[in-house]
Amino acid sequence: MIEIRNLSKRFDSLVVLDDVSFRVNDASLVVVLGPSGTGKTVLLKAMLGLLPVDSGEVLFDGREIQTATEKEIYDIRKQVGFVFQGTALFDSMNVADNIALPLCEHTTLSAKEIRKRLCSLLEVVGMAGKANLYPQSLSGGMKRLVAVARALALNPKYLFYDEPTTGLDPIMTDRVVGLIKNLKKSHTSSGIVVTHDLETAKAVGDEIYMLKKGRIKRLKKIEKELYD
Amino acid sequence: MNLFSAIGDFSSFFIRSVFISWQLRQTRYRILRQVYEVGINSLPLILIIATFVGLVSIVQTSYQVAGSMPRYILGATVGRMVMIELGPILTALMVSGRCASSMAAEIGSMRVTEQIDALEIMAINPYRFLNLPRIIGTFIALPVLTVIAEFDALLVGGLYAHFFLDVPFGVFNYGLTHFFYAREFFGGLMKSLFFSVVIATSGCYFGFRVRGGAREVGKAATFAVVTASILVLMLDFLVALVIFG
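Just so it is clear, the structure is predicted and the values come from calculations on it, not from any experiment.

This part covers the overall build of chain A. Within chain A one finds eight helices and ten strands. Rg of the C-alpha trace for chain A: 17 Å, near the compact-globule value of 17 Å for 228 residues, within the 12% margin. The C-alpha extent of chain A, read off along each of the three principal axes, is 50 × 40 × 30 Å. A burial count over chain A gives 42% of its 228 residues as buried. Of the contacts made within chain A by residues no fewer than 6 positions apart, 66% connect residues no fewer than 24 positions apart.

What follows is the structure, encoded as C-alpha cells:
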C-alpha cells in the first residue's frame with residue numbers, strides 16, 4: 001500500500017501540491033485526473049523522491065521515502081515501474097537493451113534467461129519481433145508500449161503511468177488502455193495513473209481523484225462533480 | 001555561484017561519481033566502451049596533431065640551434081620538449097575539445113529527455129552508470145594516447161631531420177636517448193592522468209547540470225570544453241611546479 005500524507009510542494013510562489021493526501025490500496029489502480037499543468041507529474045516524482053517536497057510524507061508499505069537513505073530509496077524504487085509521459089527510453093540502446101537494462105543491473109539472470117524474459121515482455125505489450133529497433137524508429141504509441149515493457153521488467157509491485165495515452169491516436173489509445181487493464185488483472189500490482197483524459201480515467205481507475213489548484217479530491221460521481 | 005562554491009561543487013561531483021560502489025560486473029562494458037570512444041575514436045585526430053607537433057618542433061629547434069650546437073642536440077631538445085610538455089598538453093586539449101563536449105551534450109540530452117530520471121527510478125545510480133565509466137575510460141585512454149602522440153611526434157621529427165636537415169636518424173636518436181630521463185617521461189604521463197580526470201569530470205558535470213532544452217545542452221557543451229581546457233592548463237602549471245619545479 002502507498003500512503004500519501006499531507007504532501008505539499010511549491011515552486012517559488014506557485015503552490016503545486018497543497019496538503020495532498022490519499023492512499024493506493026494493494027491491487028487497486030488509482031487515477032489522478034487533472035488539466036495539464038496542475039502538477040500531476042510533480043506528484044508522481046515527489047512520491048518517488050525525485051523531487052524534494054516542502055512537507056508531508058509518502059509511505060511505501062510503511063517505509064517513508066523522504067527520510068530514507070539512498071539505499072532504502074533504491075530498494076523502494078525497485079518495486080516501482082514507471083512509464084514516463086515522454087517514454088524516456090534510452091536512445092543509444094535498442095528496444096531489447098532498454099527493456100533488459102533493469103534485469104542486467106538488478107538480477108543475476110543469465111543472458112539466456114534475460115532473453116526469455118525479454119521475449120515474454122515484448123509479447124505482453126504486443127511488440128514481439130521489434131527487439132532490435134531503436135527508439136528513433138518507433139512511433140509514439142510503440143515507444144509507450146516499450147516503456148510499459150521496461151517498467152514491467154522487474155515485475156514491480158507498483159506501476160506508475162504518467163499520461164499514458166497523451167498524444168496517441170484513438171486506436172493506439174485503446175491498445176494502451178487495454179494493456180493497462182490487462183496488466184491490472186494479470187499482474188495484480190497496484191498503481192497510479194495520472195492523466196487529463198477522462199475516458200482513460202474511467203476505463204482504468206478503481207478510484208479517481210481530481211487534482212486542481214494543488215488540492216486533491218476524490219470523485220464519486222465523475223461527470224457531475226467535474227461539471228460542478 | 002562564487003568560485004569557491006563552484007570548486008566545491010565540482011569536487012563533490014567528482015567524489016560522488018568515483019567513490020561509490022563500482023559494481024564492475026555491470027559497469028565494465030561501459031568502461032571499455034568509453035576507452036574505445038575516447039581512445040580509439042580520438043586516435044586519428046591525435047596522430048594528425050602529433051605529426052605536425054613533431055614537424056614544427058624540429059623546424060623551430062633546428063632554426064634556433066643550427067650552427068651553434070652539436071646536431072644531436074636536436075634529438076635531445078625535441079624529445080624533452082615533446083615528452084615533458086607538448087605531448088601531454090596538446091593531447092589533453094584535443095581530447096577536451098572532442099570528448100568533454102560530447103560527454104556534456106550526451107548527458108545533457110539525457111537530462112532534458114528524462115532519461116536520467118528514468119535511471120533513478122529504475123534504482124540505477126546515474127553517477128555510476130554515466131559518470132564513472134567516462135572518468136575511468138578517459139583515465140585509461142588519455143595516457144595511452146599521450147604516449148602514442150609522443151612517439152608519433154618524435155618519429156616524424158626524426159625522419160624530417162634525417163631527410164631535410166642533414167641530421168642522420170642515428171644522431172637524432174643518440175640525442176633523444178642520451179638525454180632521456182625517466183622522470184621527465186613519467187612526469188608527462190602523470191600530467192595526463194590529472195588531465196583525464198578534469199576533462200571527463202567537466203563533461204559529465206556540465207551535462208548533469210543541464211536544465212531546459214536544446215539551447216542549454218549547447219551551452220553545457222561549450223562550458224565543458226572551456227572549463228576542461230582552463231583546468232588542464234592550470235593543472236599543467238601546478239604539476240610542473242611539483243615535479244619539475
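Another aspect to go through is the interface of chain B and chain A. Each partner contributes residues to the interface: chain B has eleven residues there, and chain A has 16 residues. Among the elements that make up the side of chain B that touches chain A, the one with the highest residue count is helix H5 (residues 115–121) of chain B (five residues). Residues of the side of chain B that touches chain A, tallied by class, amount to five nonpolar, three polar and three charged.

So, on to the sheet that holds strand S1 (residues 2–11) of chain A. All names here are of chain A. Pairing is antiparallel across the open sheet formed by four strands, whose spatial order is S2-S1-S4-S5. This sheet does not close on itself; its edge strands, each paired only once, are strand S2 (14–24) and strand S5 (63–64). Two strands pair when backbone bridges link them, and S1 and strand S4 (residues 55–60) are joined in this way by five bridges, in the antiparallel orientation. If you follow Ile-4 over to S4, its bridge partner there is Val-58. Here helix H1 (residues 40–47) sits on the sheet and contacts S1, S2 and S4; the angle it forms with S2, its principal contact strand, is near 60°.

Attention now goes to the environment of Gly191(A). For Gly191(A), the position within the fold is in strand S8 (residues 190–195). Setting aside its immediate chain neighbours within four residues, Gly191(A) contacts Leu29(A), Tyr158(A), Leu159(A), Phe160(A) and Tyr161(A).

The rules behind the values
- Residues numbered from 1 in each chain as written.
- Chains lettered and ligands numbered in written order.
- Predicted model: local features only at pLDDT ≥ 70, side-chain atom pairs only at ≥ 80, totals over all residues.
- Helix = DSSP H or I, 4+ residues; strand = E, 2+ residues; numbered from the N terminus.
- Rg over C-alpha atoms; globule rule 2.2 N^0.38 Å.
- Buried ≥ 20, exposed ≤ 12 C-beta atoms within 10 Å, placed from the backbone.
- Contact = placed C-beta atoms within 7 Å.
- Nonpolar A, V, L, I, M, F, W, Y, C, P; charged D, E, K, R; others polar.
- Pairing = 2+ DSSP bridges.
- Axes fitted to C-alpha atoms, helices over the stretch in contact; angles between N-to-C directions.

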